[in-house]
Amino acid sequence: MNKMLYDIPTRFESQRLVIRCYEPGDGEMYFNVAERNRQHLTRYESGNVILTIQNAEAGEVLVRQLQVDWLARKHFFIGAFEKTSGEFVAQIYVGPVNWELPEFSIGYFADCEHEGLGYVTEALCTILDFLFKDLGAHRLRLGCADTNLRSARVAERCGFRREGHIRENHTTPDGAYEGSYLYGLLRSEYLTQES
Ligand SMILES: CC(C)(COP(=O)(O)OP(=O)(O)OC[C@H]1O[C@@H](n2cnc3c(N)ncnc32)[C@H](O)[C@@H]1OP(=O)(O)O)[C@@H](O)C(=O)NCCC(=O)NCCS
């Protein structure tokens, strides 16, 4: 199906979270998220676009661009916010790989002040439900460094299966060799887990 024909909501809810597309007015918040997470994201998310933000205006430009990209179905940068405080707690990334299958690629990070509370898992599970049940995804993929065990645990808690281990395919900032785990989750597996 043509990607523009999918109805894609811009807001979801889970038990503890509001999970939504970024929108005008989020720029300062997004800049503050970037500022406090620079160190936290250096090791495994150094290419994350949030790290390019150097001031609130640049944050506002980026959140507006991400909203445009969402509407164009280019990719989906999804913020998760605590219902009780309204604070940003995590981001989930969904990148279309193949709209015809369809297959999507998943990424995520936890806000450094909200790590270890189950928020990434909760937000990802909510998005998985949408991707499989409403968007008809056939397959999801996810990759992480083989030293990033916290990330691997999120994937496994959400039902992803390890499909591969690429050994020593890149180097760390310290120059050590590091490999990658590849994870996948099929629609049939997800729906079986649900029942
Ligand atoms: C990888 C990363 C996203 C994992 O974040 P996380 O906070 O551990 O993941 P969750 O929010 O799902 O929290 C799960 C943890 O909270 C614990 N937890 C505490 N309270 C909980 C609750 N009420 N419900 C569920 N889990 C809870 C879980 O036991 C789990 O801990 P464990 O992994 O030690 O068993 C985070 O470390 C991060 O942002 N790293 C830097 C960026 C990065 O590596 N991104 C991934 C690149 S592939």
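Residues numbered from 1 in each chain as written. Predicted model: local features only at pLDDT ≥ 70, side-chain atom pairs only at ≥ 80, totals over all residues.

**Brief notes about the overall build of the protein**
Basically, it comes down to this: Secondary structure elements are defined from DSSP: runs of H or I of at least 4 residues count as helices, runs of E of at least 2 residues count as strands, and each element is numbered from the N terminus. Radius of gyration: over C-alpha atoms. The globule rule applied is 2.2 Å multiplied by the number of residues raised to the 0.38 power. Our exposure labels follow a C-beta count within 10 Å of each residue's own C-beta, placed from the backbone: buried means 20 or more other C-beta atoms, exposed means 12 or fewer, and partly exposed covers the counts in between.
Scanning the protein for helices and strands turns up five helices and eight strands. Secondary structure of the protein in N-to-C order comes out as β-β-α-α-β-β-β-α-β-α-β-β-α. Here the C-alpha atoms of the protein give a radius of gyration of 16 Å, agreeing with the 16 Å that 2.2 N^0.38 yields for 195 residues. Buried residues in the protein amount to 29% of all 195 residues.

**Quick notes on the site of the ligand**
Heads up, the condition is: For each residue, a C-beta atom is placed from the backbone, and the residue is labelled near a molecule or strand when this atom is within 6 Å of it. Charged residues are taken to be Asp, Glu, Lys and Arg, nonpolar residues to be Ala, Val, Leu, Ile, Met, Phe, Trp, Tyr, Cys and Pro, and polar residues to be all remaining types, Gly included.
Taken together, 20 residues sit near the ligand, with Tyr 44, Gly 118, Val 120, Thr 121 and Cys 144 positioned nearest. When contributions to the shell around the ligand are tallied by element, the ones reaching two or more residues are helix H1 (27-42), strand E5 (103-110), helix H3 (119-134) and helix H4 (149-157). Per element, the largest residue contribution to the shell around the ligand is four residues, and it comes from H4. When grouped by side-chain class, the residues that make up the shell around the ligand number ten nonpolar, six polar and four charged.

**Overview of the nonpolar core**
The condition that has to hold: Throughout this description, the term nonpolar core refers to a group of buried Ala, Val, Leu, Ile, Met, Phe, Trp, Tyr and Cys residues whose C-beta atoms join them within 7 Å. Here, residue contact means that the backbone-derived C-beta atoms of the two residues sit within 7 Å.
With 47 residues, the main nonpolar core has Tyr 30, Ala 80, Ala 90, Ile 92, Ala 123, Leu 124 and Ile 127 as its most contacted residues. Ranked by residues supplied to this core, first place goes to H3 with eight residues. Ignoring anything within four residues of it in the chain, the contact list for Leu 124 reads Ile 92, Tyr 108, Val 154 and Cys 158.

**What to know about the sheet that holds strand E6 (residues 139-145)**
Condition: Should DSSP find at least two bridges between two strands, the strands are taken to pair. Fitting a line to C-alpha atoms yields each axis, with helices limited to the stretch in contact; the angle taken between N-to-C directions then spans 0 to 180 degrees.
Read across the open sheet, the eight strands follow the order E1-E2-E3-E4-E5-E6-E8-E7; overall the sheet is mixed. Looking at the sheet topology across the chains shown, the edges are occupied by strand E1 (11-13) and strand E7 (161-171). On average, adjacent strands in this sheet sit at an angle of 25° to one another, irrespective of strand direction. Pairing analysis gives six bridges linking strand E3 (residues 76-82) to strand E4 (residues 88-98), with the strands arranged antiparallel. If you follow Phe 77 over to E4, its bridge partner there is Tyr 93. Packing of H3 onto the sheet brings it into contact with E1, strand E2 (17-21), E3, E4, E5 and E6, and relative to E4 it is tilted by some 35°.

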